[in-house]
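Read off the chains here:
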Amino acid sequence: MSAPNIVTGFQKKTRSVTQIRGTKPSFHNSQLLVSTGVPSLDHILGGGIAVGTVLLVEEDTYGNYAKVLLKYFIAEGITVGHEILVTSADSSPEEIIKELPGPMLSEPEPAQKVESHMNIAWRYQDLPPVKTMPASTGFGHYYDLTKKMPEKLLSGSKVTSFDMKDLLDVEESTSRLGSSYRNLFLKLHEVIEKNGYTTTQAKPQPERNILRIALQSVGSPLWTSTKNLAANECSGLDTSLTTFLYLLKALLRQSYAVCVLTVPTHLFMDRALTKRVERLCDAVVSLEAFAGSDKEQNPAFREYHGKNF
């Protein structure tokens, strides 16, 4: 007697995941993630930074560790072949690129495979092993601060840099956005549109890439002209930073780009401004250095230089 034909409308639900070099899908929602360049920080953030989001790094008092963290982020992008965009008012963007740490690409040899036989049903013996998620190579490298990024990697990478001195206008804008923030946003929008990083542009998947945006010391007095800085002190109100972050977040939501920016929040006189800046970003990491504080002499923190939270 032959088995009856059974027709069912059940279909296995599958989710297509875009595969781009230097990325991996999140375990939680399959959203693309990129590495910060610090594997331990990736773990804290849930696997990495989601593409299309902004990571805020609140600088330590002297800004040393925030600068190193930003270099790790840039170095990871160069190692995996992402496009880089760097802007800084505190240091020359070219100097930041020259001081990038070198990757530790040597990996331990895999352990010798031990063959083991399992007694399974004969119909499954010739089937290939099932992978739970797409293979992702080149994600989350380690870096050596005593070594510099190899020239071969630097020459083969695409890096765009803007000096804040070139973004400042002599005549400040009368809008809610200062000249430096306005000009920087226009530059970012131009790079994303021109190089095809918007999600609406049709592009073959193998040609897709990620744009990493690194902004250092955003919100510092160096980002504002002397004339506008004096006006802000008189009025006590400057919405340039918050307006810029609002526009930046909206731009990245429709782009294959990710941004890490450092902000010297310890210079803000208004605590409410710090809270507004934090809410306008998708993730926040605050750094505190022990140097110059009472914790530096505490025996419990002898092996540590600071903390993040």
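Here, every reference points to the structure presented above.
In this text, all values refer to a predicted model and were calculated from it rather than measured experimentally. Residue positions within a chain follow its written sequence, with the count starting from 1. Only residues with pLDDT of 70 or above have their local features reported here, since the model is predicted, and side-chain atom pairs are shown and tallied only from 80 upward, although totals for entire chains, interfaces and linings are computed over all residues. Excluding hydrogens and water, the side-chain values take into account all heavy atoms of the structure.

### Quick look at the overall build of the protein
Next, step 1: The numbering of helices and of strands both runs from the N terminus, where a helix is a DSSP run of H or I of at least 4 residues and a strand a run of E of at least 2. Looking only at helices and strands, one finds nine helices and 12 strands in the protein.
Next, step 2: Burial status across the protein gives 43% buried among its 309 residues.
Next, step 3: Considering only intrachain contacts with a sequence separation of at least 6, the fraction spanning at least 24 residues in the protein is 74%.
Next, step 4: Element-wise, carbon and sulfur atoms account for 54% of the exposed surface of the protein, whose accessible area totals about 19300 Å². Each residue is placed in one exposure class: buried if its accessible area under a 1.4 Å probe, protein chains only, is under 20% of its type's maximum, exposed if it is over 50%, and partly exposed if it falls in between. The contact criterion used throughout is that any non-hydrogen atoms of two residues lie within 4.5 Å. The Shrake-Rupley method, run with a 1.4 Å probe sphere, supplies the accessible areas, and residue values consider only the shown protein chains as cover.

### What to know about the environment of T239
Next, step 1: With respect to the helices and strands, the residue T239 is situated in the loop between α7 (226-235) and α8 (240-252).
Next, step 2: Overall, T239 belongs to the buried group, its relative accessible area being 19%.
Next, step 3: The spatial distance from the C-alpha of T239 to the C-alpha of L177 is 7.0 Å, given a sequence separation of 62 residues.

### Things to note about the state of the cysteines
Next, step 1: Any two cysteine sulfur atoms within 2.5 Å of one another count as a disulfide. All chains considered together, the criterion is met by zero disulfides.
Next, step 2: Unpaired in terms of disulfides, C281 finds its nearest cysteine sulfur in C259, a separation of 8.0 Å.

### Looking at the pattern of salt bridges
Next, step 1: Note on definitions: salt bridges are taken to be side-chain nitrogens of Lys or Arg within 4 Å of carboxyl oxygens of Asp or Glu. On inspection of all chains with the given rule, the structure shows four salt bridges.
Next, step 2: The partner of R253 in a salt bridge is D282, with the nearest N and O atoms 2.5 Å apart. Separated by 29 residues along the polypeptide, R253 in the loop between α8 and β10 (257-263) and D282 in the loop between α9 (271-279) and β11 (283-289) bring together distant segments of the chain.
Next, step 3: Classification of R253 as partly exposed rests on a relative accessible area of 43%.

### Overview of the packing of aromatic side chains
Next, step 1: Pairing of aromatic side chains here covers Phe, Tyr and the six-membered ring of Trp, requires ring centres within 6.5 Å, and sorts the geometry by plane angle: under 30 degrees stacked, over 60 edge-to-face, intermediate tilted. Applying the stated criterion across every chain yields a total of three aromatic pairs.
Next, step 2: Seen in terms of ring centroids, Y181 and F244 are 5.5 Å apart; in terms of plane orientation they differ by 50°. Their pairing is tilted. Taken together, the residues span a long stretch of sequence, with Y181 in helix α6 (residues 179-194) and F244 in helix α8 at a distance of 63 residues. Per residue, the accessibility class of Y181 equals that of F244, and both read buried.
Next, step 3: An aromatic cluster is built from Y181, W223 and F244, whose rings are joined through pairwise contacts.

### Examining the pairing of strand β4 (residues 54-58)
Next, step 1: Within β4, five of the five residues are buried, which leaves the element mostly enclosed by the surrounding structure.
Next, step 2: With burial as the criterion, each face of β4 is covered, one bearing V54, L56 and E58 and the other bearing L55 and V57.
Next, step 3: Think of it this way: DSSP has to see at least two bridges between two strands before they count as a pair. With five bridges joining them, β4 and β10 adopt parallel strand pairing. Among the inter-strand pairings, E58 is bridged to a residue of β10, identified as V263.
Next, step 4: The sheet contact formed by β4 and β11 spans four bridges and is parallel. Counted as the bridge partner of L56 is V284 from β11.

Just geometry here; none of it tells us what the structure is for.
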